[in-house]
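Structural features, examined
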Amino acid sequence: MGVFFFAALTVAIAWKLYQVRREPGDAPLRQVTWCLLAVALSYPLTSSTGLAMVADHGAAKIGQNLLLMVAVHFLMRFYLYSASDGQAARRRARWESLAAVIAIAVAGAVGATAPAGALVGSYATYDMTIPQVSTFYLVAGLYMCYALSASCWWTRRYARGSERPLSTGLWLAAAGLLGMAAACAVRAVFVVIRSQGHAVPHALTIGAALLLVLSMPLFVVGVSYPGVRARAAAVRLWMQHRRIHSQLEPLWHLLTETYPQTVLPSDPKNWRDRLLTRGVHRRLHRRLIEIRDGLVRISPHLGQHAADADLSSPEQLAQHLRTAAQAVRQGLPAPRNAIPLAKPQEDNRAADVQQLVAVSAALSTHCPNQPSERVTC
């Protein structure tokens, strides 16, 4: 599980670095990127294998906690830059950076002076009666509690003024931040109690750890939820446009075989257009333009006998389109001026597409079953 988490984190960082390169002036984006980088750098230190060979006094544990302090600091800065105007955000960020530097410097200095081996092991086994150990965890815990609480406050403020699905994700993220802040505050109280030589019930220690473990994925889910919903909607739209593109094929073939010049030029080497999601939307837009162009060109050839027909009916229009297409191929002159065809009842794109799909379906239904003749019969 840890390997998959680190791999996903690496992919997320690579994507954020790419976005920062494209938009270097986006301050909130930079804060998120630095936050993810700090988390990624702290993750390998959880095993402490590498640094333990160099220093045996818990250098890995010190580095891990300091990097986590850096991570929550940049998380808080993200909300500062997102919620405030540029000048106010920069001024507040400078003060927050100063507080973070002081807290990190104090925690690092105290941890570095701890006796050898005092910070080797786990939080539950540390001797908190050693002043350096208790001070290190107290400073780190209180600062993380402050930064997470501030981030939770900003998240709740955003959630109240947002609409779904963004508000749902923000409330989940706020709950995760509140849980992590509460876990840090509880552990800070435990540090004070243990520093006085008193024992903390094992059940309470497990409860605080469980709260932290559950809050972290809740925050990740909350942050990811709006993006996942947006991606899901994009996938549904992609599938819908792909289906419509296929449904329009009979009508498109009839018109483009009659008027090949209506086919817009394309680059056959543009393989990215077929791989990227937006390629489907672009191809559907092209097909709609080519169909409408073909309908304008073929409408004069419908003939006088179509004047009294109900051309709003997709079935009747399909019959007259086949007749007109044969007339064009035979070189017969156009008997009248262009008339609007497949005109939707409502003036919007969705109604227009629906009307064209209905005409295309009528063409496919009334043609013979042979695939090669289905649009030219």
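Residues numbered from 1 in each chain as written. Predicted model: local features only at pLDDT ≥ 70, side-chain atom pairs only at ≥ 80, totals over all residues. Heavy atoms only, no water.

Here the focus is the overall build of the chain. Across its full length, the chain carries 13 helices and zero strands. Per-residue burial for the chain yields a buried fraction of 39% across its 377 residues. The long-range fraction of contacts in the chain, counting pairs at least 24 apart against all pairs at least 6 apart in sequence, stands at 72%. Here the chain displays about 21,300 Å² of accessible surface, and carbon together with sulfur accounts for 62% of that area. (Helix = DSSP H or I, 4+ residues; strand = E, 2+ residues; numbered from the N terminus. Buried < 20%, exposed > 50% of the residue type's maximum accessible area, 1.4 Å probe, protein only. Contact = heavy atoms within 4.5 Å. Areas by Shrake-Rupley, 256 points an atom, 1.4 Å probe, with all protein chains shown as cover.)

The end-to-end C-alpha distance of helix 12 (residues 314-329) is 22 Å, a good match for the 22 Å that 16 residues give at a rise of 1.5 Å each. Listed in full, the buried residues belonging to helix 12 are Pro314, Leu317, Ala318, His320, Leu321, Arg322, Ala324, Ala325, Ala327 and Val328. Positive backbone phi, at 80°, marks glycine 331, one or two positions downstream of helix 12. (Expected span 1.5 Å × (residues − 1).)

Moving on to the confidence of the model for the chain. Of the residues in the chain, 81% have a pLDDT of 70 or more, and the chain-wide mean is 79. Per-element mean pLDDT across the chain ranges from 47 in helix 3 (residues 49-52) up to 89 in helix 9 (residues 249-258). A low-confidence stretch, residues 48-56 (pLDDT under 50), is modelled with seven contacts involving residues beyond four sequence positions or located in other chains. Segment residues 368-377: pLDDT under 50, and 17 contacts once partners within four positions in sequence are set aside and those in other chains are kept. (pLDDT = per-residue confidence, 0-100.)

All right, on to the nonpolar core then. Judged by nonpolar contacts, the single largest core of 46 residues is most densely connected at Met69, Val133, Tyr137, Tyr143, Leu148 and Leu177. Of all elements in the fold, only helix 2 (27-42), helix 4 (59-83), helix 5 (86-112), helix 6 (131-160), helix 7 (166-195) and helix 8 (202-247) reach the threshold of two or more residues within this core. With 12 residues, the top contributor of residues to this core is helix 6. If near-sequence neighbours (up to four positions away) are discounted, leucine 148 is found in contact with Val72, Leu75, Leu177, Met180, Ala181 and Cys184. Core analysis: the second largest hydrophobic core is formed by 25 residues, Ile291, Ala324, Val353 and Val359 among them. (Core = buried A, V, L, I, M, F, W, Y, C linked by side-chain atoms within 4.5 Å.)

So, on to the packing of aromatic side chains. Per the counting criterion, the structure on display carries five aromatic pairs. Geometrically, the ring pair formed by phenylalanine 78 and tyrosine 79 is edge-to-face, given 5.1 Å between the ring centres and 70° between the ring planes. Taking 5.0 Å as the distance between ring centres and 80° as the angle between the ring planes, the aromatic pair formed by tryptophan 153 and tryptophan 154 counts as edge-to-face. On the accessibility criterion, tryptophan 153 (46% relative accessible area) is partly exposed. Each member of the aromatic cluster is reached from another via a ring pair, and the members are Phe78, Tyr79 and Tyr158. Directly above the ring of tryptophan 252 sits arginine 287, whose terminal nitrogen or CZ lies 4.3 Å from the centroid. (Phe/Tyr/Trp six-rings, centres within 6.5 Å; stacked < 30°, edge-to-face > 60°. Lys NZ or Arg CZ within 6 Å of the ring centre and 35° of its normal.)

What the rule picks out here adds up to zero disulfides. Between cysteine 184, a free cysteine, and cysteine 145, which holds the nearest cysteine sulfur, the sulfur-to-sulfur gap is 6.3 Å. (Disulfide = S-S within 2.5 Å.)

Moving on, we come to helix 2. Helix length check: helix 2, at 16 residues, gives a terminal C-alpha distance of 23 Å against a target of 22 Å (1.5 Å per residue), a fit within 8%. Among the residues of helix 2, Ala27, Pro28, Leu29, Gln31, Thr33, Cys35, Leu36, Ala38, Ala40 and Ser42 are the ones counted as buried. Capping the start of helix 2, aspartate 26 holds a side-chain oxygen 3.3 Å from the backbone nitrogen of leucine 29, two or three residues further along. (Polar contact = N/O pair within 3.5 Å; in protein donor to acceptor, adjacent residues only side chain to side chain.)

A word on a nonpolar patch on the surface. Together, Trp95, Leu98, Ile102 and Val106 make up a nonpolar patch on the protein surface, roughly 410 Å² of accessible area in all. Tracing the chain through its elements places tryptophan 95 in helix 5. Since its relative accessible area comes to 60%, tryptophan 95 is described here as exposed. (Patch = residues over 30% accessible without salt bridge, like charges linked within 9 Å, V, L, I, M, F, W, Y side chains within 5 Å. Salt bridge = Lys/Arg side-chain N within 4 Å of Asp/Glu carboxyl O.)

Next up on the list: the pattern of salt bridges. Summed over the entire model, instances satisfying the criterion amount to three salt bridges. The salt bridge partner of aspartate 293 is arginine 297, with a shortest N-O separation of 3.4 Å. Note that aspartate 293 and arginine 297 are positioned in helix 11 (residues 277-298) at a spacing of four residues, about one turn of the helix. Taking relative accessible area as the criterion, aspartate 293 reaches 29% and is therefore assigned partly exposed.

Turning next to the environment of glutamine 19. As for its position among the elements, glutamine 19 is in helix 1 (residues 2-22). Separated by 10 residues in the primary sequence, glutamine 19 and leucine 29 place their C-alpha atoms 7.9 Å from one another.

Its location among the elements puts tyrosine 123 in the loop between helix 5 and helix 6. Measuring from C-alpha to C-alpha, the distance between tyrosine 123 and valine 191 comes to 9.7 Å, with 68 residues separating the pair along the chain. The residues touching tyrosine 123, leaving out its near neighbours within four places in the chain, are Met128, Tyr137, Arg187, Phe190, Val191 and Arg194.

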